[in-house]
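Chain residues, written in single-letter form:
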Amino acid sequence: MSDAPVLLDVSPAGVAVVTLNRPDKHNAFNADMIERLSDVFETLRANGDEIRIVFLRGNGGSFSAGADLDWMKAAAHYTEADNEEDAMALATMLKRLYDLPQMTVALVQGAAMGGGAGLLSACDVGIVMKNAKIRFSEVRLGLTPATISPFVIRAIGPRWARALFASGEGFDGNFAHQIGLAQYVVENEDEMALMEEHLAKLAFSAAPGAVADAKKLVDDVTGREIDHGLAVHTAKAIARRRSSEEGKEGLSAFLERRKPVWAE
């Protein structure tokens, strides 16, 4: 396996696997890893038609232990402007992950601390080992989980975010599932592999453009008052889909009792 800090593997069918590859550091972030992840996510976005699902995983015993100690030591000597630039790189990387048009799936084993938990939050789907160790640990270091907070709050809501951000309490996969941070909890690697296969099958049965629009729909509707304006917005959204090439193909395939072109 390459010693690059981030690996990207794309199958001919269109399954992308992004691997955090600093196992000796429990896949902790540093500036180089963040930059490479950001570039990988931009590559995946640009190839949205060819790639149908994105899996994000960590090599070795941990998903990601958060910030690298050497990186944090260096940051201690940064100016406020330097720290802001550094933090913007992380925020940009997470936003690129969040904005990917494909279904994104975090596969979490071992530790997912701080920014590692942020990666989980920014994915559409979380599959977490029952014995995983997850923590928003920033307050224990005199910091706050600022850059990951928009994604965490979207995932678990403000009530749990306030509690876990303020306490820095650690929790396992079952608790992550309970609060909505993970949709699926598995016992071992075999169960993880089965869930990967299940989600890949779902992804390949769905129209790529419809998946992208469905993800955007959630952001467009969340927090809005259910009024006439929202009704108009959603009516226009489904009208565009019905008149799209994918919409026409999907309906034709259903009526003709055949698979649509994207599922063949």
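Description of the structure in this document. (Residues numbered from 1 in each chain as written. Predicted model: local features only at pLDDT ≥ 70, side-chain atom pairs only at ≥ 80, totals over all residues. Heavy atoms only, no water.)

## Let's talk about the pattern of salt bridges
Under the definition given, this model contains 15 salt bridges. The salt bridge partner of Asp68 is Arg22, with a shortest N-O separation of 3.3 Å. With Asp68 in the loop between β3 (53-58) and α2 (69-75) and Arg22 in the loop between β2 (15-20) and α1 (31-46), this residue pair connects regions lying 46 residues apart in the sequence. For the pair shown, Asp68 and Arg22 are each scored as buried. (Salt bridge = Lys/Arg side-chain N within 4 Å of Asp/Glu carboxyl O. Helix = DSSP H or I, 4+ residues; strand = E, 2+ residues; numbered from the N terminus. Buried < 20%, exposed > 50% of the residue type's maximum accessible area, 1.4 Å probe, protein only.)

## Considering unusual backbone geometry
In this structure, His26 is a non-glycine residue whose phi angle is positive, near 55°. Within the secondary structure layout, His26 lies in the loop between β2 and α1. Residue Asn27 is not a glycine yet carries a positive backbone phi of 55°. Mapped onto the elements, Asn27 comes out in the loop between β2 and α1.

## Some points on the environment of Asn27
The buried category is assigned to Asn27, whose relative accessible area is 0%. Along the primary structure Asn27 and Gly61 are separated by 34 residues, whereas in three dimensions their C-alpha atoms are 9.1 Å apart. Leave out the neighbours within four places in its chain, and Asn27 touches Leu20, Asn21, Arg22, Met33, Gly58, Asn59, Ser62, Phe63, Ser64 and Ala65. Within the structure, Asn27 has its side chain in polar contact with the backbone oxygen of Asn59 (distance 2.9 Å). From its side chain, Asn27 meets the backbone oxygen of Ser62 in a polar contact 2.8 Å long. (Contact = heavy atoms within 4.5 Å. Polar contact = N/O pair within 3.5 Å; in protein donor to acceptor, adjacent residues only side chain to side chain.)

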